[in-house]
Amino acid sequence: NPRLRLAIQKARDNNMPRDNIDRAIKKVAGGDGNAATLDEVTYEAYGPGGVAILLEVVTENRNRTAADVKAALNKAGGSMGESGSVSWMFKTNGVLTIPAAGDEADEIALRAIDAGAEDFTVDDDAVEIYCAPGAIEEIRTVLESEGVTVANSEVTQIPTAMVTVDPKLADQTIRLLEKLEDLDDVQRVSTNADFPQELIADV
């Protein structure tokens, strides 16, 4: 099931990029030429089994958006959290994603560390570089000057500790994360949910 595989991978990466920037731009412009007033809001929530969820939102109607988020959570056995109840579990980081594998990935990671990166992870076909938010551009410039292709760079929320999802709650958790990500006003969903390896293997 490619869709399930993608959902799990997004959740495991804790980086669910949204493609609704155009919708936000349209809201700012206003269909009738009158600009809407947009607020940036971060909602904190708990998913099935107590996994932590951070929602970064841009909205012109906080009441509507809060109601939409609460409805999605309630249907999936989640709940809204108080301010500060979840955010302390995350650290704001700059993340650079670079297509690379094997020795090349290791070499790129070392170059990034020399340029000011704090940490890195290497997967089968990519290396992710973690740094202070203000260091993204400098590290990207250094790497690109050395011929390294940076596929993506952004500031995101990285969990300080992962919570393993009960296999019985995995599908429910995935559906909730997808539902939250699909809400018009939600720009990014971050979670500390860690899906069991056997579930990853099955899909």
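Please refer to the structure higher up on the page.
Residues numbered from 1 in each chain as written. Predicted model: local features only at pLDDT ≥ 70, side-chain atom pairs only at ≥ 80, totals over all residues. Heavy atoms only, no water.

**Q** Honestly, the sheet that holds strand S5 (residues 90-99) in this entry has me stumped. Any pointers?
**A** Two orientations exist for strands paired in a sheet by backbone hydrogen bonds: parallel and antiparallel. One open sheet holds the four strands; their spatial order is S6-S7-S5-S8, and the pairing between them is antiparallel. Because the sheet does not close on itself, it has two edges, and the strands there are strand S6 (119-122) and strand S8 (152-159). The mean angle between the axes of side-by-side strands here comes to 30°, regardless of whether they run parallel or antiparallel. (Pairing = 2+ DSSP bridges. Helix = DSSP H or I, 4+ residues; strand = E, 2+ residues; numbered from the N terminus. Axes fitted to C-alpha atoms, helices over the stretch in contact; angles between N-to-C directions.)

**Q** What's the story with helix H6 (residues 170-182) in this structure? I'm lost.
**A** At 3.6 residues per turn, the α-helix brings residues three or four places apart onto the same side. Its 13 residues place the ends of H6 18 Å apart at the C-alpha level, agreeing with the 18 Å of an ideal helix rising 1.5 Å per residue. Within H6, the full set of buried residues consists of Ala170, Thr173, Ile174, Leu176, Leu177, Glu178, Leu180 and Glu181. (Expected span 1.5 Å × (residues − 1). Buried < 20%, exposed > 50% of the residue type's maximum accessible area, 1.4 Å probe, protein only.)

**Q** Sorry if this is basic, but what is going on with the pairing of strand S7 (residues 126-131) here?
**A** Sheet faces and side chains relate simply in a regular strand, where the side chains alternate between the two faces. The element S7 is extensively covered by neighbouring structure, given that six of its six residues are classed as buried. Across six bridges, S5 lies against S7 in antiparallel orientation. Across the sheet, residue Leu96 finds its bridge partner in S7, namely Ile129. Bridge count between S6 and S7: four bridges; the pairing is antiparallel. Paired with Asp119 across the two strands is Tyr130, which belongs to S7. Here S6 folds back onto S7, and the loop between the two strands holds three residues.

**Q** Quick question: what am I supposed to make of the nonpolar core here?
**A** Buried together is how nonpolar side chains tend to be arranged in soluble globular proteins. Of all hydrophobic cores here, the largest spans 23 residues; its most connected members are Tyr43, Ile53, Leu55, Val69, Leu180, Val189 and Phe195. Elements represented by at least two residues in this core include exactly strand S2 (39-46), strand S3 (52-59), helix H3 (62-75), H6 and strand S10 (186-191). With five residues, the single largest contributor to this core is H6. Excluding residues within four positions of it along the chain, Tyr43 makes contact with Ile53, Leu54, Leu55, Val57, Arg62, Thr65, Ala66, Val69 and Met80. (Core = buried A, V, L, I, M, F, W, Y, C linked by side-chain atoms within 4.5 Å. Contact = heavy atoms within 4.5 Å.)

**Q** For this particular structure, what's the right way to read the side chain of Gln157?
**A** In this structure, Gln157 sits in strand S8. A distance of 3.1 Å separates the side chain of Gln157 from the side chain of Thr92, its partner in a polar contact. (Polar contact = N/O pair within 3.5 Å; in protein donor to acceptor, adjacent residues only side chain to side chain.)

**Q** Whenever I open this one, helix H4 (residues 102-114) confuses me. Can you help?
**A** For H4, spanning 13 residues, the distance from its first C-alpha to its last is 19 Å, which sits close to the expected 18 Å at 1.5 Å a residue. Buried within H4 are the following residues: Ala105, Ile108, Ala109 and Ala112. Along the axis of H4, the buried positions cluster into a sector of 100°, meaning they face one direction only. When the buried face of H4 is taken as reference, the exposed residues oriented beyond 90 degrees from it are Asp103 and Asp114. Residues of H4 that are buried make contact with S5, S6, S7 and helix H5 (136-145). Once H4 finishes, Gly116 follows within two positions and takes phi at roughly 120°, a positive value. (Arc of directions from axis to C-beta.)

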